[in-house]
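Structural characterization, general
Residues per chain, in single letters:
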Amino acid sequence: MTSRVICGLSANEILEFITPAGSTLSHALHITTSIYKKRIDDFSGMAGIPKKLREFLEMFAVTGITPPVASQVSSDGTVKYLFRTESNKEFETVYIPDGKRNTVCVSTQSGCRMGCPFCVTARYGFAGNLSAGEIVNQVIGIPFADKVTHIVFMGMGEPMDNLENVLKSCEILTSEWGLSISPRNITVSTVGITPGIVRFLESSSCNLTVSLHSPFSEERKLIIPAEKKYPVQEVVSILRNFPLRKHRRVSLAYVMIEGLNDTDLHLRALRDLITGSQIRVNLLPYHKVPEDKHTSSSAERMQYFKHNLVISGISASVRKSRGEDISAACGLLATGLKINEQT
Ligand code: SF4
C-alpha cells in the first residue's frame, strides 16, 4: 500500500484522510500548521497530536517535505537547488535573496512542452507535471524556507500546462491554514495560454505575468511558438478587460535582445498594445543560451524603453539579472543535471 503524501493536501483533504482515525478538524489544522508553517518533516516531531493519530499517520502517510539533492551558490548569493522525485523527475528551484525581499522561483513541470527556442528548459524535453505538493515543497523544503517573502512561478515548465496543480499550490501558499503568504507576493508566469489565463484570473488572487518578447505576431511566433495558437492580441484583450482587484498585478515580461526586439518600431507597437490599460511591463536582460549568437540589449537601451513607456503612462521597470553564473537566471534552468550532487 502506498503512503499518502500530506504536503499538497488542503485542510479539508487532510480531515477526510484522518477521520477514520477518529480525528477532528482541529487535528487537521494542527497537521497543516506543523507541515506548512513549521516545516516539520517527521510525524514523531509533531507535538500535540494524539498518540492514536500519530500512529495512524506513521503507518499510512509521509509528510512529503523533502530536501533538494544538490545545490549551487552564485557569487551574488542566489542559490539554485536540484530536486528529484521518487519517480526520478528532476527539476530546479532558485532562491534569490535581495535585502528584505527573498524570492523563490519554483518549477511547475520537469522540463517543458512549449518549445521556446531561447529557453534551455525547452531543450531538456518534458518529463512530467509536478504535483501541488512537489511545487509547495520547493518553498518549504529548502534551507532558507523561513526567510521566503515572495514566490514566482517562473522556473521549469509552463504553469498553464499544469493548471490544476498550480492553482492548488497557490491555495496552499496563500491560505491561513497553509503558508499564509499574501497573494500580492506571488506571481505566476505564462507564455499566454488563453483558456488557462481566464481560469487562473477567475480562480486565484495571485499576480500574473505573460511573456511577450515581441508585440508583432509573426515575430513572436519565432520566439514563443504558443503564439500560433494563442495570439497575443487575444491575450492582451483578456488582461485589459478582466476587472482587477486592488493590489493585484498583471504584467508583460519583455526580454530585450539587441537588434531583434529593441527597435523604436517595437517600442511604439508595445506602447500601442497596452496603453490605457492597467498592464505593467517588466523589461529583462537576455541571458545567452548555449550556441546562440544573440546578445542582450544594452542597459542604456533598456532604460530608454522604460523611460518612453513611463512617459506614455505605462508602469514599467527594468529587472536586474541574478544568478547568471550558475545558470539560474530566467530561461537558463534545466542545466541542473550538471550540479555537483556533493555540493
Ligand atoms: S520559456 Fe517557459 S514556456 Fe517556454 S520552453 Fe522555457 S519554460 Fe517552457
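Residues numbered from 1 in each chain as written. Predicted model: local features only at pLDDT ≥ 70, side-chain atom pairs only at ≥ 80, totals over all residues. Heavy atoms only, no water.

1. Looking at the overall build of the chain
From N to C terminus, the chain includes 11 helices and 14 strands. Expected size for 343 residues packed as a compact globule is a radius of gyration near 20 Å; at 21 Å, the chain falls within 12% of this value. Dimensions of the chain, computed from C-alpha atoms along their principal axes, come out at roughly 70 × 45 × 35 Å. Across the chain, every contact between residues at least 6 apart in sequence was considered, and the portion connecting residues at least 24 apart equals 67%. Accessible surface, the chain: about 15,500 Å² in total, of which carbon and sulfur atoms supply 52%. Positive and negative charge centroids in the chain, built from 38 and 33 side chains respectively, lie 5 Å apart. (Helix = DSSP H or I, 4+ residues; strand = E, 2+ residues; numbered from the N terminus. Rg over C-alpha atoms; globule rule 2.2 N^0.38 Å. Contact = heavy atoms within 4.5 Å. Areas by Shrake-Rupley, 256 points an atom, 1.4 Å probe, with all protein chains shown as cover. Lys, Arg positive; Asp, Glu negative; His and termini not counted. Charge placed at Lys NZ, Arg CZ, Asp CG, Glu CD.)

2. Observations concerning the side chain of Asn 207
Mapped onto the fold, Asn 207 is located in strand β11 (residues 207-211). Engagement of the side chain of Asn 207 in a polar contact is seen with the backbone oxygen of Arg 184, the distance being 2.9 Å. Each residue touching Asn 207, except ones within four places of it in the same chain, is listed here: Pro 183, Arg 184, Ile 186, Thr 187, Val 188, Phe 200, His 247, Arg 248 and Arg 249. (Polar contact = N/O pair within 3.5 Å; in protein donor to acceptor, adjacent residues only side chain to side chain.)

3. Description of the pattern of salt bridges
Applying the stated criterion to the full structure yields 10 salt bridges. Here Arg 199 ties to Glu 164 by a salt bridge, and the two come within 2.5 Å at their closest N and O atoms. With Arg 199 in helix α7 (residues 194-203) and Glu 164 in helix α6 (residues 163-174), this residue pair connects regions lying 35 residues apart in the sequence. (Salt bridge = Lys/Arg side-chain N within 4 Å of Asp/Glu carboxyl O.)

4. Considerations on the sheet that holds strand β3 (residues 70-73)
The pairing of strands in a sheet happens through backbone hydrogen bonds and is either parallel or antiparallel. Read across the sheet, 10 strands follow the order β3-β4-β5-β6-β9-β10-β11-β12-β13-β14 without closing on themselves; strand pairing throughout is mixed. The sheet is open, and its two edges are formed by β3 and β14 (316-318), each paired on a single side. On average, each strand axis in the sheet is tilted by 20 degrees relative to the strand beside it, whichever way the strands run. Pairing between β3 and strand β4 (residues 79-84): four bridges, direction antiparallel. Bridge assignment links Gln 72 to a residue of β4, and that residue is Lys 80. (Pairing = 2+ DSSP bridges. Axes fitted to C-alpha atoms, helices over the stretch in contact; angles between N-to-C directions.)

5. Some words on the packing of helix α1 (residues 11-18) against helix α2 (residues 25-37)
Running from amino to carboxyl end, α1 crosses α2 at an angle of 120 degrees, the nearest separation of the two axes being 9 Å. If you check the angle between α1 and α2, you find them oblique. Our pair here, α1 against α2, has a crossing hand that is right-handed. Contacts between α1 and α2 involve Ala 11, Ile 14, Leu 15 and Ile 18 from the former and Leu 25, His 27, Ala 28, Leu 29, Ile 31 and Thr 32 from the latter. (Parallel < 35°, antiparallel > 145°, perpendicular 65-115°, else oblique. Left-handed = near helix turned anticlockwise from the far one by under 90°.)

6. Focus on the site of the ligand
Taken together, Cys 112, Met 114, Gly 115, Cys 116, Cys 119, Thr 121, Ala 122, Gly 157 and Val 191 form the complete shell of residues around the ligand. Split into classes, the residues belonging to the shell around the ligand amount to six nonpolar, three polar and no charged. (Near = heavy atom within 4 Å. Nonpolar A, V, L, I, M, F, W, Y, C, P; charged D, E, K, R; others polar.)

7. Considerations on unusual backbone geometry
Residues other than glycine seldom take positive phi values, yet Asn 88 does so here, at roughly 70 degrees. Within the secondary structure, Asn 88 sits in the loop between β4 and β5 (90-98). One non-glycine residue, His 247, lies in positive phi territory at about 75 degrees. Looking at the element boundaries, His 247 is found in the loop between α9 (232-241) and β12 (250-256).

8. Considerations on the confidence of the model for the chain
Counting all residues, the mean pLDDT for the chain is 91, and 94% of those residues have values of 70 or more. Within the model, pLDDT remains below 50 along residues 332-343, and this stretch shows 46 contacts once partners closer than five positions in the same chain are excluded. (pLDDT = per-residue confidence, 0-100.)

9. Quick look at the nonpolar core
Generally speaking, a soluble globular protein has its nonpolar side chains buried in company with each other. Ranked by size, the top nonpolar core spans 96 residues in total, and within it Ile 6, Leu 57 and Phe 153 carry the most contacts. Setting aside residues no more than four positions away along its own chain, Ile 6 makes contact with Ile 14, Phe 17, Ile 31, Ile 35, Tyr 36, Phe 43, Leu 57, Ala 61, Val 62 and Thr 63. (Core = buried A, V, L, I, M, F, W, Y, C linked by side-chain atoms within 4.5 Å. Buried < 20%, exposed > 50% of the residue type's maximum accessible area, 1.4 Å probe, protein only.)

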